[in-house]
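Residues per chain are reported as follows:
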Amino acid sequence: MATRHFCRSVLFQSLYEWDFYRTKENKNIDLMTIIERNMQDAISLIDEPDFIYRLAKNLIDHFEEIDAMIRKTAPAWPLEQINLTDRNILRMGIAELVFGPKKEVPPKVAINEAIELAKTFGGEASSKFINGVLGTIYRQMIEEGLIQPDNQKEHKEKDEQAAPQSSEQNQTTENQK
């Protein structure tokens, strides 16, 4: 059975096709129709088809916010000038990183999956560009307190272990001063 990475690949290809028709051909076609057609070709290989639909819904629900984040985070590259591959991998990565359930897909996994898609489908510099944009958004999310960095849990546990364990220990420390 297919992994979630394969599911992301199917969604990426569907999103790419949708964006191509929308921007290059000026045709308004439904993204979900494309996803369903592309899934028919691979449905026997997909063990979690709901995963694709959840990702797609998340992306569609936050589409304008996602594009605004790309514009803000990559101001040197107007959204319309970012190639179709990179633009749509960014959209998927941001949808998972920012708006996806963190327990289902941790932030670092969302970033790494987007980078892998860029290595597979993108150009020579795509993975670095994707990593740069998603890494910036990840750091902003940490600064805004929306997520904790992966190693912060580790530091917090160490701090708790180093802290006095009882009020009796605290009293002894106070008396020594």
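Fair warning: this is a prediction, and the values are worked out from it, not measured in the lab. (Residues numbered from 1 in each chain as written. Predicted model: local features only at pLDDT ≥ 70, side-chain atom pairs only at ≥ 80, totals over all residues. Heavy atoms only, no water.)

(A) Local environment of the pattern of salt bridges. Under the definition given, this model contains 14 salt bridges. A salt bridge links Asp67 to Arg91; the shortest N-O distance between them is 2.8 Å. Taken together, the residues span a long stretch of sequence, with Asp67 in helix 4 (residues 63–73) and Arg91 in helix 5 (residues 84–99) at a distance of 24 residues. In this structure, Asp67 and Arg91 share a single accessibility class: buried. The network of salt bridges with common partners includes Asp19, Arg22, Asp67, Arg87 and Arg91. (Salt bridge = Lys/Arg side-chain N within 4 Å of Asp/Glu carboxyl O. Helix = DSSP H or I, 4+ residues; strand = E, 2+ residues; numbered from the N terminus. Buried < 20%, exposed > 50% of the residue type's maximum accessible area, 1.4 Å probe, protein only.)

(B) Up close: the environment of Thr3. Along the chain, Thr3 falls in the segment before helix 1 (4–23). Residues Thr3 and Glu48, spaced 45 residues apart in sequence, show a C-alpha to C-alpha distance of 8.1 Å.

(C) Molecular detail of the nonpolar core. In terms of nonpolar packing, the biggest core is built from 45 residues, with Ile52, Leu59, Leu97, Ile130 and Leu134 touching the most fellow members. Sequence-distant contacts of Leu134, defined by excluding residues within four places in its chain, comprise Leu90, Gly93, Ile94, Leu97, Ile111 and Ala114. (Core = buried A, V, L, I, M, F, W, Y, C linked by side-chain atoms within 4.5 Å. Contact = heavy atoms within 4.5 Å.)

(D) The arrangement of the confidence of the model for the protein in detail. Overall, the predicted model of the protein reaches an average pLDDT of 85, with 84% of residues at or above 70. The element-level mean pLDDT for the protein is lowest in helix 9 (residues 167–176), coming to 42, with helix 5 highest at 97. Scored below 50 in pLDDT, residues 152–177 shows 4 contacts in the model against residues more than four places distant or in partner chains. (pLDDT = per-residue confidence, 0-100.)

(E) Quick peek at the environment of Asn83. Looking at the secondary structure, you find Asn83 in the loop between helix 4 and helix 5. In this structure, the C-alpha to C-alpha distance between Asn83 and Ser126, residues 43 residues apart in sequence, is 9.5 Å.

(F) Looking closely at unusual backbone geometry. Although it is not a glycine, Asn26 adopts a positive phi angle of roughly 55 degrees. With respect to the secondary-structure elements, Asn26 resides in the loop between helix 1 and helix 2 (31–42).

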